[in-house]
Amino acid sequence: MERTYDELARSRVINKLKQDNTRGNFEDGINKLKDKLLDSNLSHKSFNRILKSIDILQSACIAPRFLQIGDQAPDFELTNSIGNVVRLSEVVKQGKVILNFYRGGWCPYCYLELRALQKINALIKKDGTRIIAISPESKEDCGRTIERNQLQFEVLSDKANRITELYRLISKNDRSVDSLLDISLESAIDSGDISYQLPVPGMFVVDEWMTIRFAFTEPDYRKRVNMNLLLDCLRQI
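Just so we're clear, the structure is a prediction, and the values are computed from it rather than from any experiment.

## Considerations on the overall build of the protein chain
In step 1: Assigned secondary structure in the protein chain consists of nine helices and nine strands.
In step 2: Here the protein chain holds 237 residues, and the buried ones make up 50% of them.
In step 3: Accessible area of the protein chain: about 12500 Å², with a carbon and sulfur share of 49%.

Shown next, in the form of structure tokens:
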């Protein structure tokens, strides 16, 4: 029964923490969860594992400030699925760029967002706006994501998360099997080595001066940009 209690407790911890990810409430929630664990029906070993998991998650959520509107977008150069080099500072010369950082084609929330971007792609291209999607998956997997979702914009591989880290979107994890973050990483790890790092989903609009004019970053990967809000923003830039 130890494994059953362990899995149940881990699930409750995850669901509780996802309810509110603001820093103040997060800290309060952590302390309350630790108190509740004292009354839970767990073995000593399972209790210590869950407590350690909470501590790891707590430290992992102390992240640097996300890039904001008005910040300069870091320039980058990546190769697309057919081997062509894409440089952001060159693309913005043609117009605004939507940068979409996603976890991987295996993530249902990500591919739904990619498909939503594809639906507005033809409309925004008329004004010279381009979409660039970036993930830590391999070039081959990016190519499959393009084909599977019939995307008509650039999907780039940032295998080592080098560019994603410049945009401060890395949620780091260690290799401890006790970490709660392992659960959200399992599918990604199965599809390729990403060094136990996943990007926090992020969307930026970058203008021709490499200035960020729209920014959306959300640690809860289930919450994504409203496309109408994004279109309204593009019209006002």
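## Notes on unusual backbone geometry
In step 1: Even without glycine at this site, glutamine 150 takes up a positive phi of about 55°.
In step 2: Here glutamine 150 lies in the loop between helix H6 (139–149) and strand S5 (154–157).

## Looking at the environment of threonine 217
In step 1: Mapping threonine 217 onto the fold places it in strand S9 (residues 212–217).
In step 2: Along the sequence, threonine 217 and proline 199 sit 18 residues apart, while their C-alpha atoms lie 10.0 Å from each other.
In step 3: Sequence-distant contacts of threonine 217, that is, excluding residues within four places in its chain, are made with Phe66, Leu169, Pro201, Gly202 and Phe204.

## Details of the packing of aromatic side chains
In step 1: For the structure on display, the rule yields five aromatic pairs.
In step 2: Taking the centre distance of 6.4 Å and the plane angle of 75° together, the rings of phenylalanine 76 and tyrosine 167 count as edge-to-face. You can see phenylalanine 76 sitting in the loop between helix H3 (44–60) and strand S1 (77–79) and its partner tyrosine 167 sitting in the loop between helix H7 (162–166) and strand S6 (170–172), a full 91 residues away along the chain. Each member of the pair, phenylalanine 76 together with tyrosine 167, is buried.

## Section: the pairing of strand S3 (residues 97–101)
In step 1: Most of S3 is tucked away: five of the five residues are buried.
In step 2: Relative to strand S4 (residues 130–135), S3 is paired through five bridges, and the arrangement is parallel. Note on S4: the bridge partner recorded for phenylalanine 101 is isoleucine 134.
In step 3: For the handedness criterion, the β-α-β arrangement of S3, helix H5 (residues 108–125) and S4 is classed as right-handed.
In step 4: Sheet topology places S3 next to strand S8 (residues 202–206); five bridges connect them, and they run antiparallel. Across the sheet, residue valine 97 finds its bridge partner in S8, namely valine 206.

## So, the nonpolar core
In step 1: If you look at the biggest cluster of nonpolar residues, it comprises 24 residues, and the most contacted ones within it are Ile98, Leu117, Phe153, Val155 and Leu230.
In step 2: Residue contacts for leucine 117: discarding those within four places in its chain leaves Asn100, Ile131, Phe153, Met203, Met227 and Leu230.
In step 3: Leu78, Ile134, Leu156 and Ile163 belong to the second largest nonpolar core, which has 23 residues in total.

## Quick look at the confidence of the model for the protein chain
Caution is warranted with low-pLDDT regions, since their predicted coordinates should not be read in detail.
In step 1: Taken as a whole, the protein chain shows an average pLDDT of 76; of its residues, 62% reach a score of 70 or greater.
In step 2: Contacts of residues 173–196 to residues separated by more than four positions or lying in other chains number 55 contacts, the stretch itself having pLDDT below 50.

## Comments concerning the sheet that holds S9
Strand pairing in a sheet relies on backbone hydrogen bonds, with the paired strands running either antiparallel or parallel.
In step 1: Taken in spatial order, the five strands of this open sheet run S5-S4-S3-S8-S9, and their pairing is mixed. Only two strands of the sheet have a single partner each, and these edge strands are S5 and S9. Taken pair by pair, the neighbouring strands of this sheet meet at an average axis angle of 15°, ignoring direction.
In step 2: As judged from the four bridges shared by S4 and S5, these two strands associate in the parallel manner.

Reading guide: rules and limits
Residues numbered from 1 in each chain as written. Predicted model: local features only at pLDDT ≥ 70, side-chain atom pairs only at ≥ 80, totals over all residues. Heavy atoms only, no water. Helix = DSSP H or I, 4+ residues; strand = E, 2+ residues; numbered from the N terminus. Buried < 20%, exposed > 50% of the residue type's maximum accessible area, 1.4 Å probe, protein only. Areas by Shrake-Rupley, 256 points an atom, 1.4 Å probe, with all protein chains shown as cover. Contact = heavy atoms within 4.5 Å. Phe/Tyr/Trp six-rings, centres within 6.5 Å; stacked < 30°, edge-to-face > 60°. Pairing = 2+ DSSP bridges. Right-handed = clockwise from strand over helix to strand, strands pointing away. Core = buried A, V, L, I, M, F, W, Y, C linked by side-chain atoms within 4.5 Å. pLDDT = per-residue confidence, 0-100. Axes fitted to C-alpha atoms, helices over the stretch in contact; angles between N-to-C directions.

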